[in-house]
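Chain by chain, the residues run as shown.
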Amino acid sequence: MVSRVTPLRYDLAVVGAGIIGLAHAALARERGMSVVVVERYDRAVGASVRNFGHIGVTTQEDEALVHARAGREYWLRLAAQAGFWIQPAGTLILARAEDEHAIIEEFAAQRDGSVRVLDARGVREIASIADPRLLGGALCEDDLRVSSVEAIPAIASYLAASGVDFHFRTNVTGASTGVLHTGRGDIEASTIVVAAGHDTDMLFPDLAEEANIQRCLLHMLEVDAPPGSVFSPVILTGTAVLRYRGLSQRAAAQSIRDRLARDHPDLLAALVNVKMSQRPNGRLVLGDTHAYAHTHDPFREEELDDLLLREFHALLGAPLRVRRRWHGEYAHSETEDYFVREPVPGVFLACVTNGTGMSTGLGFARSVLDRVGY
Ligand SMILES: Cc1cc2nc3c(=O)[nH]c(=O)nc-3n(C[C@H](O)[C@H](O)[C@H](O)COP(=O)(O)OP(=O)(O)OC[C@H]3O[C@@H](n4cnc5c(N)ncnc54)[C@H](O)[C@@H]3O)c2cc1C
């Protein structure tokens, strides 16, 4: 039942029921605030339910690493409170070439015991990798895996039961000091956090433009796992050096980039990150490609899916039956990883702009609320 909003006054109004909005709501509620979340759709259908569910701590660097470490503990606590599936199964970075092996050894040496280097046999005990080029892998033991399509609604239900008010199917049209403007009327709140993800550019176009925010578009697939296979950790491959700062800054990264440019220009052109995560029902979530623009064409390019399927066929040694295909979008900035602005007193814009919102968003939200003074 959808109705007009009741004219209550809250300590905090949050725009968006994705992971960043929910993280702010959960942390503020824990700190004793009265909280309302306003979401334009029936439920979250944005980046937070379209991703791999990979909470990757170890491959982050700098501020992202600080947020990810803080966020990890909070994910485990939230999972226990809200009762959703979470796996401390880690991330496995595969090495299928000498330079990839060099990078994982260098990475493990710099990560203080949280990364274990495995030989090919050790890898195959926890992941059914058929590719004969496999040399070994690095297991990042701190990393977590959730099923986003279940975890995000579970967090929202848990918060609703804990006293957070939700207004779904309610579009926010603007925010001024103390008042959130929606298509169903105004909501009064001492503080407003706008966690609208890539739609931040719709609500605050000038500020988004100043921060060079664009939309990153990704192709994703869901396939049946090959019969009898097991994939406990999230799987990353050599292309991860193109995306994770914890890896891209290692000495061997340039050799991998040069080799990809020489041998696989199609992977570089589509900015492919060969990455995979298993859902609780056994299906594999495969991805991903990256393209940056303010507005993307609405068409899915079949060639990009073919490219992903070719790579996974080589990795898993079996033809794959596709069950679902989708696009995801997230906000991306070349110049800042975390976008926080206060355009008018008491209205905060909070957006993760480096594509790591599942991994670092909970820690990031805590830093925003600390800044607000809650
Ligand atoms: C395909 C894909 C794979 C990814 N994989 C990973 C991964 O493995 N690990 C990782 O750490 N990160 C990953 N990410 C990034 C991560 O998913 C995002 O950083 C994160 O989900 C962003 O969360 P959010 O809450 O800001 O945005 P969203 O989840 O998009 O939520 C924003 C919400 O705001 C609502 N909203 C917007 N405007 C309004 C309005 N005017 N009024 C009311 N409501 C509004 C939207 O409807 C939406 O529900 C991935 C992203 C994608 C797309």
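Since the structure is predicted, the reported quantities are computational estimates derived from the model, not experimental observations.

S.K.: Sorry if this is basic, but what is going on with the site of the ligand here?
M.R.: Around the ligand, 35 residues are found, and the nearest of them are E39, S48, H54, V172 and S359. Separating an oxygen atom of the ligand from a backbone N or O atom of I19 is a distance of 3.3 Å. Here R40 contributes a backbone N or O atom positioned 3.0 Å from a nitrogen atom of the ligand. Summarising the interface, the protein chains cover 97% of the accessible area of the ligand, which totals 1000 Å² for the free molecule. For the shell around the ligand, the elements supplying multiple residues, two or more each, are α1 (19-30), α2 (47-50), β13 (213-223), β18 (322-333) and α13 (357-372). Tallied by class, residues from the shell around the ligand come to 15 nonpolar, 14 polar and 6 charged.

S.K.: How should the nonpolar core be read in this particular structure?
M.R.: Across soluble globular proteins, nonpolar side chains show a tendency to be buried alongside one another. Of all hydrophobic cores here, the largest spans 49 residues; its most connected members are W75 and F84. No other element matches α1, which puts 8 residues into this core. Leaving out residues up to four positions away in the same chain, W75 has contacts with I19, I55, F84, I86, L144, V146, I155, M358 and L362. Listed in part, the 45 residues of the second largest apolar core include I93, A95, F107 and L309.

S.K.: Whenever I open this one, the packing of helix α3 (residues 62-82) against α13 confuses me. Can you help?
M.R.: Each packed pair of helices is defined by two parameters, the angle between the axes and the distance between the axes. Packing of α3 against α13 brings their axes to within 6 Å, and their N-to-C directions diverge by 95°. By the angle between their axes, α3 is roughly perpendicular relative to α13. Residue-level inspection shows A64, H67, A68, A70, G71, Y74, W75 and L78 of α3 in contact with α13, the latter providing M358, S359, T360, L362, G363, F364, R366 and S367. Looking at the contact of α3 with α13, its residues break down into 9 nonpolar, 6 polar and 1 charged.

S.K.: Is there a simple way to think about the packing of aromatic side chains in this case?
M.R.: Tallied over the entire structure, the rule returns 3 aromatic pairs. Here W75 and F84 contribute two aromatic rings whose centre-to-centre distance is 6.0 Å and whose plane-to-plane angle is 90°, an arrangement assigned as edge-to-face. On the basis of relative accessibility, which here comes to 0%, the residue W75 falls in the buried class.

S.K.: What is the right way to look at the pattern of salt bridges in this model?
M.R.: Where charged atoms of side chains with opposite charge meet at close range, the side chains can pair. Applying the stated criterion to the full structure yields 29 salt bridges. With a closest N to O distance of 3.2 Å, E188 and R9 form a salt bridge. Of the two residues, E188 sits in strand β12 (residues 185-194) while R9 sits in strand β1 (residues 9-15), which places them 179 residues apart along the sequence. Between D42 and R169 there is a salt bridge; the shortest N-O distance is 2.7 Å.

S.K.: Please explain the pairing of strand β16 (residues 284-287) as it appears in this structure.
M.R.: Alternating positions in β16 separate into two faces, L284 and L286 on one and V285 and G287 on the other, with burial throughout. Two elements, β13 and β16, share 4 bridges in a ladder whose sense is antiparallel. Within β16, the residue paired with V223 across the bridge is L284. Across 4 bridges, strand β15 (residues 275-278) lies against β16 in antiparallel orientation. Directly across from M276, in β16, lies its bridge partner L286. The antiparallel hairpin formed by β15 and β16 contains 5 residues in its connecting segment, where G282 sits at a positive phi of about 95°.

S.K.: Honestly, α3 in this entry has me stumped. Any pointers?
M.R.: Count 3.6 residues to each turn of an α-helix, and residues three or four apart come out pointing the same way. An ideal rise of 1.5 Å per residue puts 30 Å on 21 residues; α3 measures up with 30 Å between its terminal C-alpha atoms. G83 lies just past α3 and shows a positive phi near 75°.

S.K.: What am I meant to see in the domain arrangement of the protein here?
M.R.: Size of an interface: often given as the accessible area lost when the parts come together. Considered domain by domain, the protein is made up of domain 1 (9-53 + 149-211 + 335-372) and domain 2 (91-141 + 213-333). In this structure, domain 1 and domain 2 have C-alpha centres spaced 30 Å apart. In terms of surface lost to domain 2, no three residues of domain 1 exceed R50, F52 and H198, which account for 43% of the buried area on that side. Where domain 1 touches domain 2, the interface holds 3 salt bridges. A salt bridge links D337 to R245, with the shortest nitrogen-to-oxygen separation between them at 2.8 Å. Linking domain 1 to domain 2 there are 14 residue pairs in polar contact (both at pLDDT 80 or more). Mapped by element, the contributors of at least two residues to the side of domain 1 that touches domain 2 are α2, α6 (148-161), α7 (200-203) and β20 (347-352).

S.K.: Before we go on, may I ask you to explain the environment of H290 in this structure?
M.R.: Structurally, H290 is set in the loop between β16 and β17 (291-293). In the structure, H290 is positioned 71 residues away from H219 in sequence and 7.4 Å away in space, judged by C-alpha atoms. Each residue touching H290, except ones within four places of it in the same chain, is listed here: C216, L217, L218, R243, A270, L271, N273 and Y330. A polar contact of 2.7 Å, which involves the side chain of H290, links it to the backbone oxygen of L271.

S.K.: Which parts of the structure should I look at to understand the sheet that holds strand β8 (residues 144-146)?
M.R.: Pairing between the strands of a sheet is mediated by backbone hydrogen bonds and can be parallel or antiparallel. Spatially, β3-β8-β4 is the arrangement adopted by the 3 strands of the open sheet, whose pairing is antiparallel. Strands with a single pairing partner mark the edges of an open sheet, and in this sheet they are β3 (54-55) and β4 (86-87). As defined by bridge partners, β4 adjoins β8 across 2 bridges and the pair is classed as antiparallel. Opposite I86, over in β8, you have V146 as the bridge partner. Relative to β8, α3 is tilted by about 40°, and along the sheet it contacts β3, β4 and β8.

The rules behind these values
Residues numbered from 1 in each chain as written. Predicted model: local features only at pLDDT ≥ 70, side-chain atom pairs only at ≥ 80, totals over all residues. Heavy atoms only, no water. Near = heavy atom within 4 Å. Polar contact = N/O pair within 3.5 Å; in protein donor to acceptor, adjacent residues only side chain to side chain. Areas by Shrake-Rupley, 256 points an atom, 1.4 Å probe, with all protein chains shown as cover. Helix = DSSP H or I, 4+ residues; strand = E, 2+ residues; numbered from the N terminus. Nonpolar A, V, L, I, M, F, W, Y, C, P; charged D, E, K, R; others polar. Core = buried A, V, L, I, M, F, W, Y, C linked by side-chain atoms within 4.5 Å. Buried < 20%, exposed > 50% of the residue type's maximum accessible area, 1.4 Å probe, protein only. Contact = heavy atoms within 4.5 Å. Axes fitted to C-alpha atoms, helices over the stretch in contact; angles between N-to-C directions. Parallel < 35°, antiparallel > 145°, perpendicular 65-115°, else oblique. Phe/Tyr/Trp six-rings, centres within 6.5 Å; stacked < 30°, edge-to-face > 60°. Salt bridge = Lys/Arg side-chain N within 4 Å of Asp/Glu carboxyl O. Pairing = 2+ DSSP bridges. Expected span 1.5 Å × (residues − 1). Domains from an automatic or database assignment. Buried area = accessible area lost by both parts, 1.4 Å probe.

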